[in-house]
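Each chain, letter by letter, is given below.
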Amino acid sequence: MDHTRARITKDGIRIHDDADFAGMRAAGQMAAEILDGVAPMVVPGVTTAALDDYIRVEVERRGATSATIGYKGYRHASCISVNHVVCHGIPGGKVLMDGDITNIDVTVIVDGWFGDTSRMYVAGDLPRKAGRLIEVTHDALMLGIAAVKPGNTFGDIGHAIQTFVEGNRMSVVRDFCGHGLGRVFHAPPNVLHYGRPGSAAVLEEGMFFTIEPMVNLGRAETKVLADDWTAVTRDKSLSAQFEHSVGVTATGCEIFTLSPAGLFYPTWGAQA
Ligand code: MF3
Ligand code: CO
Ligand code: CO
């Protein structure tokens, strides 16, 4: 790709150039490294506030900025969503217990570029059903990413995720979606995790966005608690989420938020 292609599509999606890919790579790698670093802390007895403290200090130590502190009044360096919390869990005094599963979502700003990624962790021993949920959610994200290439559509991404999740008799959350990003946190388009093949905007080289499916063991419906942030499953069933930030290349996509330590994929034991 040359450096003269920067423009906005008719769908309002920014097309980025090579230098922009380098910026996103740096931001994405930092966010992923921080998620790698917090992994050993996720054990029974830890509070979600302690995990967030670690993340906030790591962001500062690396000379970056947290994108979430101060975002719409949010005050923390991460979202930590335990068990039936779907997303936007607020770090606090909650103590993780053996068998709890949690998503940790970090967004950093590095030289103006936003790196946004989340993954699942388990405290102690992983219950079998939770393991299945986590594995299906991870694989759903990667199938969505496999559909990212010029000429495919955002509907193709959503369809790949939805058919896989529903084929495993789990449900895709409809109330939250992925998003364009780059020099901004949330930009067009909305990246739905369900959809029909060939629907929605056509993917073009230079688009940057997240894919971040939330999958529930029970029904898809969510509600937001009185704190105005925490989203939970209405039926209290377990929920999982994985998120990568990606950029569309000439032949497919680059994942900006790959784990340097290879810790993104859940490898906590045989999930038969
Ligand atoms: N990182 C989240 C996302 O994937 C957004 C969190 S906004 C916050 O888009 F304010 F809740 F932190
Ligand atoms: Co996101
Ligand atoms: Co995120």
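Since this is a predicted model, take the numbers as computed values, not measurements.

Thresholds, definitions, all that
Residues numbered from 1 in each chain as written. Chains lettered and ligands numbered in written order. Predicted model: local features only at pLDDT ≥ 70, side-chain atom pairs only at ≥ 80, totals over all residues. Heavy atoms only, no water. Helix = DSSP H or I, 4+ residues; strand = E, 2+ residues; numbered from the N terminus. Contact = heavy atoms within 4.5 Å. Donors = N, O, S within 2.8 Å, 3.2 Å for Na, K, Ca; no water. Tetrahedral: all angles 85-135°; square planar, octahedral: opposite > 155°, others 65-115°. Buried < 20%, exposed > 50% of the residue type's maximum accessible area, 1.4 Å probe, protein only. Near = heavy atom within 4 Å. Polar contact = N/O pair within 3.5 Å; in protein donor to acceptor, adjacent residues only side chain to side chain. Nonpolar A, V, L, I, M, F, W, Y, C, P; charged D, E, K, R; others polar. Axes fitted to C-alpha atoms, helices over the stretch in contact; angles between N-to-C directions. Parallel < 35°, antiparallel > 145°, perpendicular 65-115°, else oblique. Left-handed = near helix turned anticlockwise from the far one by under 90°. Pairing = 2+ DSSP bridges.

1. Examining the environment of D139
- As for its position among the elements, D139 is in helix 3 (residues 128–146).
- The sequence separation of D139 and F242 amounts to 103 residues, and the corresponding C-alpha distance is 9.3 Å.
- Apart from the residues within four sequence positions on either side, D139 is in contact with F164 and Y265.

2. Things to note about the coordination of the cobalt ion (ligand 2)
- At 2.0 to 2.2 Å from the cobalt ion (ligand 2) lie its protein donor atoms, namely D116 (OD), H179 (NE2), E212 (OE) and E243 (OE).
- Angles of 51 to 160° at the metal separate the 6 donor atoms of the cobalt ion (ligand 2), which places the site in the irregular class.
- Between the two metal centres, the cobalt ion (ligand 2) and the cobalt ion (ligand 3), the spacing is 3.3 Å, with D116 acting as a shared donor. Within this pair, whereas E212 is found in the loop between strand 11 (208–211) and strand 12 (214–216), its partner E243 is found in the loop between strand 15 (239–241) and strand 16 (244–248), the two being separated by 31 residues in sequence. With respect to burial, E212 and E243 carry one shared label: buried.

3. Considerations on the site of ligand 1
- The environment of ligand 1 is made up of 14 residues, and the closest members are T68, H179, H186, E212 and E243.
- Between D105 and ligand 1, the recorded distance is 3.1 Å, taken from a side-chain N or O atom to a nitrogen atom.
- T107 has a polar side-chain atom sitting 3.3 Å from a nitrogen atom of ligand 1.
- Across the shell around ligand 1, the residue classes break down as 5 nonpolar, 5 polar and 4 charged.

4. Description of the coordination of the cobalt ion (ligand 3)
- Note on the cobalt ion (ligand 3): its protein donors are D105 (OD), D105 (OD), D116 (OD) and E243 (OE). The metal-donor distances range over 2.1 to 2.3 Å.
- All donors to the cobalt ion (ligand 3) come from one chain, and their sequence spacing reads D-x10-D-x126-E.

5. Some thoughts on the packing of helix 3 against helix 4 (residues 154–167)
- One can describe the packing of helix 3 onto helix 4 by two numbers: an axis separation of 8 Å at closest approach and a directional angle of 150°. Looking at the two axes, helix 3 sits roughly antiparallel to helix 4. Handedness of the crossing formed by helix 3 with helix 4: right-handed. Two secondary-structure elements touch here, helix 3 through V136, D139, A140, L143 and G144 and helix 4 through I157, A160, I161, F164 and V165.
- Split into classes, the residues belonging to the contact of helix 3 with helix 4 amount to 8 nonpolar, 1 polar and 1 charged.

6. So, the side chain of T222
- Along the chain, the position of T222 falls in strand 13 (residues 222–224).
- Reaching out from T222, the side chain makes a polar contact with the side chain of D175 at a distance of 2.5 Å.
- When near neighbours in sequence (up to four residues on either side) are disregarded, T222 contacts V86, V173, D175, F176, V232, T233 and R234.

7. Some remarks on the pairing of strand 16
- The element strand 16 is extensively covered by neighbouring structure, given that 5 of its 5 residues are classed as buried.
- Neither face of strand 16 is left uncovered, since the one carrying H244, V246 and V248 and the one carrying S245 and G247 both have all their residues buried.
- Looking at chain direction, strand 11 and strand 16 are connected through 4 bridges and run antiparallel. Following the sheet pairing, T210 is matched in strand 16 by S245.
- Summarising the sheet, strand 16 and strand 17 (residues 253–255) pair through 3 bridges and their orientation is antiparallel. Its bridge partner lying in strand 17, V248 is registered against C253.
- Between strand 16 and strand 17, which pair antiparallel in sequence order, lie 4 residues.

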